Amino acid sequence: MRPVCLIIPPSAFLLDERVFMSLGILKVAAVLEAAGVPVEVLDLSGVENYLDVVGDHLAGSRADVFGLTATTPQMPAANRIREWLRALRPGARLILGGPHATLVHAAWRMERQSGRAGRAARAFAGLRAAYDVLVAGDGEAAIFEALAEAPAAVIDADDPKSALFLDNDRLTRLPFPARHLVDVDSYHYTIDGERALSLIAQLGCPFGCGFCGGRLSPFLRRVRMRSAESVVAEVAELRARYGVRGFMLYDDELNVNPGMLDLMQRLARLQEEHGEAFRLRGFIKAQLFTAEQAEAMRRAGFRWILVGFESGSERILANIEKKAARADNSRCLQLAHAAGLKVKALMSAGHPGESPATLAETRDWLLENQPDDFDLSVITTYPGTPYFDEAAETAPGVWTYTARNGDQLHSLEVDHTAVAEYYKGVPGAYDSFVWTDALRRGELVAWRDRIEREVRAGLGIPYNTGVAAQRYEHSMGQSGGERELPPGLLRRTPAAQAAGAGERR
């Protein structure tokens, strides 16, 4: 059986790409392994000359099916990888899954249901023409349909009525991500000085924030939760296998889970059993946060929480459909600090009705409430967000979203396969694809930079620094035309290694 090669594109827009590994595609790899399918994982995170790596890998791989995962800002890199694969391995089957394919499919589905064809239809048609198979939604079961002899061009696993859509029980029973197929040691993340790895305990967020992707996608909107026993078992495995004591729960809003307190208690007991102290970090929803949750998280080992406060302006919070007021956000920070939890405030600029006055309110709220760290990003209008899905074309290539009170957000139509429009990127290197009636594109970026300078200076918070991308060198290979990838780029299952032994082409 020929191996399947799963590819993680680089994310050059990030400060440091080797922080959190891509767990979704590693879950797909795990189910393939469990079914006896040979798997290769080509992890290009943080690799500057990634096309060289793809080319050298193909010289020693028998794979004729390649599965790519991509977020929207990863699509330009994914597109270049696709073109390179088409040139070097003609006839190979190319599959695209992950957030971008899912979000574009959801946006296209909404357009079709409304009887109109717009930018989502154009984006979806482009993806269908570029890839042999598109997978929308959960990939763990859908991958087997994508590997069938004659697969459908679009596999919709973003439908709760589909057998491909995961429920709580099936999510719980899935194997843990196949982290052994990437170079775990090359990922460097710490929580209060403790080396940490990430995991996902639950999927989905039920709220309808205008800027957030997947509000019309059940894959990203419907909350699905693994059992507390399963989550604790994964934590225990990561501790035993990799020796880590830090854990980032990379879930949307841990406290939407009614079983959150039980999970916290189980995590605390696991540490008591081993006589150890963990360090944890995760996301919570401000208006749902309670003193009981804060204290339970502290006992479980949490030292940091991340909260999408987004804005210090009541007007903007209402336009976002955040369902949280300034007072909710301030109370959340106070509860966290009272329990000994540090808070990273996640803020954004460029929402409908944004103006110098609303951005000044955001700056002042940060200075007044004193989070321990913060991000401030220029908003983007990705497919699958209400800002994208509910906008109308008001001029050629210009789309306008209108909030309930009439405030508007204007955005450019972007070819995401060519332009890395990103929500969170390198400070000082932002561009804005949106503007409001009060702020032009460049003014939004200037305000973002100004607020970051003033808040970091006022609160004594240093700038985040990243790690430069590594460069793969051909000279690192062996003689005789055989080349080995440097650590961190490729791992193969034993079955795949055996299948490819002795064969070069």
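About the thresholds
Residues numbered from 1 in each chain as written. Predicted model: local features only at pLDDT ≥ 70, side-chain atom pairs only at ≥ 80, totals over all residues. Heavy atoms only, no water. Pairing = 2+ DSSP bridges. Helix = DSSP H or I, 4+ residues; strand = E, 2+ residues; numbered from the N terminus. Axes fitted to C-alpha atoms, helices over the stretch in contact; angles between N-to-C directions. Left-handed = near helix turned anticlockwise from the far one by under 90°. Contact = heavy atoms within 4.5 Å. Nonpolar A, V, L, I, M, F, W, Y, C, P; charged D, E, K, R; others polar. Buried < 20%, exposed > 50% of the residue type's maximum accessible area, 1.4 Å probe, protein only. Right-handed = clockwise from strand over helix to strand, strands pointing away. Expected span 1.5 Å × (residues − 1). Salt bridge = Lys/Arg side-chain N within 4 Å of Asp/Glu carboxyl O. Parallel < 35°, antiparallel > 145°, perpendicular 65-115°, else oblique. Core = buried A, V, L, I, M, F, W, Y, C linked by side-chain atoms within 4.5 Å. Phe/Tyr/Trp six-rings, centres within 6.5 Å; stacked < 30°, edge-to-face > 60°. pLDDT = per-residue confidence, 0-100.

Q: Would you mind going over the sheet that holds strand E11 (residues 246-249) with me for this structure?
A: Backbone hydrogen bonds hold the strands of a sheet together, and the pairing may be parallel or antiparallel. Strand order in the open sheet made by the 7 strands is E7-E8-E11-E12-E13-E14-E15, with mixed pairing throughout. In the strand order of this sheet, the two ends are held by strand E7 (190-191) and strand E15 (373-378), each with one partner. Examined bridge by bridge, strand E12 (residues 279-284) and strand E13 (residues 302-310) share 5 bridges and lie parallel to one another. If you follow leucine 280 over to E13, its bridge partner there is phenylalanine 302.

Q: So what exactly am I meant to see when it comes to the packing of helix H9 (residues 228-242) against helix H10 (residues 260-274) here?
A: Helix-helix packing is described using two parameters, namely the angle between the two axes and the distance between the axes. Direction vectors running N to C along H9 and H10 enclose 35 degrees, while the axes themselves pass 9 Å from each other. Our pair here, H9 against H10, has a crossing hand that is right-handed. Touching Ala228, Glu229, Val231, Val232, Val235, Ala236 and Arg239 of H9 are Asp262, Leu263, Arg266, Leu267, Leu270 and His274, all from H10. Of the residues belonging to the contact of H9 with H10, the class tally is 8 nonpolar, 1 polar and 4 charged.

Q: In this structure, what is going on with the pairing of strand E14 (residues 342-349)? I would like to understand it.
A: Each regular strand shows side chains that alternate between the opposite faces of the sheet. Taking burial as the measure, the 8 residues of E14 include 7 buried ones, the bulk of the element. Relative to E14, E13 runs parallel, the two being bridged by 5 bridges. Bridge pairing in E14 links tryptophan 304 to lysine 342. Pairing between E14 and E15: 6 bridges, direction parallel. When the bridges of E15 are listed, leucine 346 appears paired with aspartate 375. A crossover links E14 with its parallel partner E15, the connecting element being helix H14 (residues 356-369), and its sense is right-handed.

Q: Before we go on, may I ask you to explain helix H13 (residues 326-338) in this structure?
A: The periodicity of an α-helix, 3.6 residues per turn, causes residues three or four places apart in sequence to face the same way. The terminal C-alpha atoms of H13, which comprises 13 residues, lie 18 Å apart, in line with the 18 Å expected from a rise of 1.5 Å per residue. Packed against the buried residues of H13 are E12, E13, helix H12 (314-320), E14 and H14. Of the residues one or two after H13, glycine 340 is the one with positive phi, at around 85 degrees.

Q: Just checking my understanding: could you explain the pattern of salt bridges for this structure?
A: When their charged atoms lie close together, side chains carrying opposite charge are able to pair. Under the counting rule described, the total for this entry stands at 31 salt bridges. Here arginine 245 and glutamate 276 are joined by a salt bridge, their closest N and O atoms 3.1 Å apart. In this pair, arginine 245 is assigned in the loop between H9 and E11 and glutamate 276 in the loop between H10 and E12, connecting sequence segments 31 residues apart. Measuring nitrogen to oxygen at the nearest pair gives 2.8 Å for the salt bridge that ties glutamate 452 to arginine 456. Of this pair, glutamate 452 and arginine 456 both sit in helix H16 (residues 441-459), 4 residues apart, roughly one helical turn. When salt bridges that share partners are traced, they join Asp373, Arg448, Asp449, Glu452 and Arg456 into one network.

Q: Hey, could you run me through the packing of helix H4 (residues 99-114) against helix H5 (residues 119-130) in this one?
A: The contact between H4 and H5 brings their axes to 8 Å, and the two run at 135 degrees. Regarding the angle of H4 to H5, the classification is oblique. As H4 packs across H5, the resulting crossing turns out to be left-handed. The residues of H5 that touch H4, namely those facing His100, Ala101, Val104, His105, Ala107, Trp108 and Glu111, are Arg119, Ala120, Ala121, Ala123, Phe124 and Leu127. For the contact of H4 with H5, the class distribution of residues is 9 nonpolar, 2 polar and 2 charged.

Q: How should the environment of alanine 418 be read in this particular structure?
A: In this structure, alanine 418 sits in the loop between strand E18 (408-412) and strand E19 (434-435). Given a relative accessible area of 52%, alanine 418 falls into the exposed group. Spatially, the C-alpha atom of alanine 418 lies 33 Å from that of arginine 363, the residues being 55 residues apart in sequence.

Q: Quick question: what am I supposed to make of the nonpolar core here?
A: Nonpolar side chains in soluble globular proteins tend to end up buried together. One finds Met297 and Phe309 to be the most contacted residues of the largest nonpolar core, which totals 100 residues. Examining the composition of this core, we find that 8 residues originate from one element, helix H1 (residues 23-34), more than from any other. Residue contacts for phenylalanine 309: discarding those within four places in its chain leaves Ala286, Leu317, Asn329, Cys332, Leu333, Val343, Ala345, Leu346, Met347 and Trp365. One finds Ile7, Leu58, Ala92 and Trp108 within the second-largest nonpolar core, a separate group that totals 29 residues.

Q: Honestly, the packing of aromatic side chains in this entry has me stumped. Any pointers?
A: Two aromatic rings, taken as a pair, are described by how far apart their centres are and by the angle between their planes. Taken as a whole and assessed by the stated rule, the structure comprises 7 aromatic pairs. Between tyrosine 250 and phenylalanine 283 the ring centres are 5.6 Å apart and the planes differ by 90 degrees, which places this aromatic pair in the edge-to-face class. Residue tyrosine 250 is located in the loop between E11 and H10, and its partner phenylalanine 283 is located in strand E12; the two are separated by 33 residues in the primary sequence. Taking the relative accessible area as the measure of exposure, tyrosine 250 reaches 41% and is therefore partly exposed. Here the aromatic rings of tyrosine 387 and tyrosine 401 are separated by 4.9 Å at their centres, their planes lie at 55 degrees, and the arrangement is tilted. A residue pair is termed long-range when its members are at least 10 positions apart, and tyrosine 387 in helix H15 (residues 386-389) and tyrosine 401 in strand E17 (residues 398-402) qualify at 14 residues. Note on tyrosine 387: relative accessible area 1%, which makes it buried.

Q: What is the right way to look at the confidence of the model for the protein chain in this model?
A: When pLDDT is low, close inspection of the predicted coordinates is not appropriate. Averaged over every residue, the pLDDT of the protein chain is 90; the share at 70 or more is 90%. When the criterion is pLDDT under 50, residues 491-505 qualifies, and its contacts beyond four places in sequence or with other chains add up to 36 contacts.

Q: Please explain the sheet that holds strand E16 (residues 392-395) as it appears in this structure.
A: Pairing is antiparallel across the open sheet formed by 4 strands, whose spatial order is E16-E17-E18-E19. The outermost strands of the open sheet, each flanked by one partner alone, are E16 and E19. Both E17 and E18 contribute to a ladder of 5 bridges, which runs antiparallel. Following the sheet pairing, valine 398 is matched in E18 by leucine 412.

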